[in-house]
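Chain by chain, the residues:
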Amino acid sequence: PGAVRAPPGAAVHMTERQLYAFRQQVAAYAHICQQLLQITAVHATQQRATSTAAGTATTATYAPSARVASVASNGDPYGYANRPGGRGEDKNARGPRWTGTPEHYKALEDLFLGGQQPPVREQLTEITEMLTKYGPIAESNVYNWFQNRRSREKRKIAEERFAEAEAHRNA
């Protein structure tokens, strides 16, 4: 007879034997991934050594293997300390943070309140060009500002809803 299938959305249960086999498969997959990361780390190190010895200029690249190395060396599970441009051990490695002028912030806030969120690529370029008259600014600064502002707005709304719910509950 054919296999019995659960209806869509129904919970599917596994026997202990199936669960054990599944765990074994996950463990094997995790081991393979770990080996792949180690191989990638060795390969990246060899490439850097070769390009340095040849005297060619190279740009730093973030390899997934940096994550494995960072966990082992400094306990950083996300690999931020070893990622180029990150603010790991040497916070000044990628230069100072961008600080906008009051005119930058006023213009960005006006755009945000006018419903400009999030800007698409073309708009991002236009906004950046417009803001350069107030001082240096990059597209990444504009993008990050909108992303952070949207995050603050969502957090503010969530806090207000929580306060209202608390007030209704305590009333």
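Residues numbered from 1 in each chain as written. Predicted model: local features only at pLDDT ≥ 70, side-chain atom pairs only at ≥ 80, totals over all residues. Heavy atoms only, no water.

A. Expanded view of the packing of helix H4 (residues 121–131) against helix H5 (residues 139–170). Running from amino to carboxyl end, H4 crosses H5 at an angle of 110°, the nearest separation of the two axes being 9 Å. As the angle between them shows, H4 and H5 are arranged roughly perpendicular. Contacts between H4 and H5 involve Arg121, Leu124, Thr125, Ile127, Thr128 and Leu131 from the former and Glu139, Val142, Tyr143 and Phe146 from the latter. The residue makeup of the contact of H4 with H5, split by class, is six nonpolar, two polar and two charged. (Axes fitted to C-alpha atoms, helices over the stretch in contact; angles between N-to-C directions. Helix = DSSP H or I, 4+ residues; strand = E, 2+ residues; numbered from the N terminus. Parallel < 35°, antiparallel > 145°, perpendicular 65-115°, else oblique. Contact = heavy atoms within 4.5 Å. Nonpolar A, V, L, I, M, F, W, Y, C, P; charged D, E, K, R; others polar.)

B. Representation of the layout of surface pockets within the structure. There is about 480 Å³ of room inside the largest pocket. Forming the boundary of the largest pocket are 13 residues, of which Arg97, Trp98, Asn141, Asn144 and Asn148 lie nearest the centre. Considering each element in turn, the lining of the largest pocket owes the most residues, six residues, to H5. (1 Å grid on protein atoms, 1.4 Å probe; cavity = no way out; pocket = protein on both sides within 12 Å on 5 of 7 lines; lining within 4 Å. Points joined across faces, edges and corners; volume = space filled by probe spheres on them.)

C. Expanded view of the environment of Leu111. Relative to the assigned elements, Leu111 resides in helix H3 (residues 102–113). In the structure, Leu111 is positioned 35 residues away from Phe146 in sequence and 9.4 Å away in space, judged by C-alpha atoms. Excluding its chain neighbours within four sequence positions, the residues that come into contact with Leu111 are Gln116, Ile127, Met130 and Phe146.

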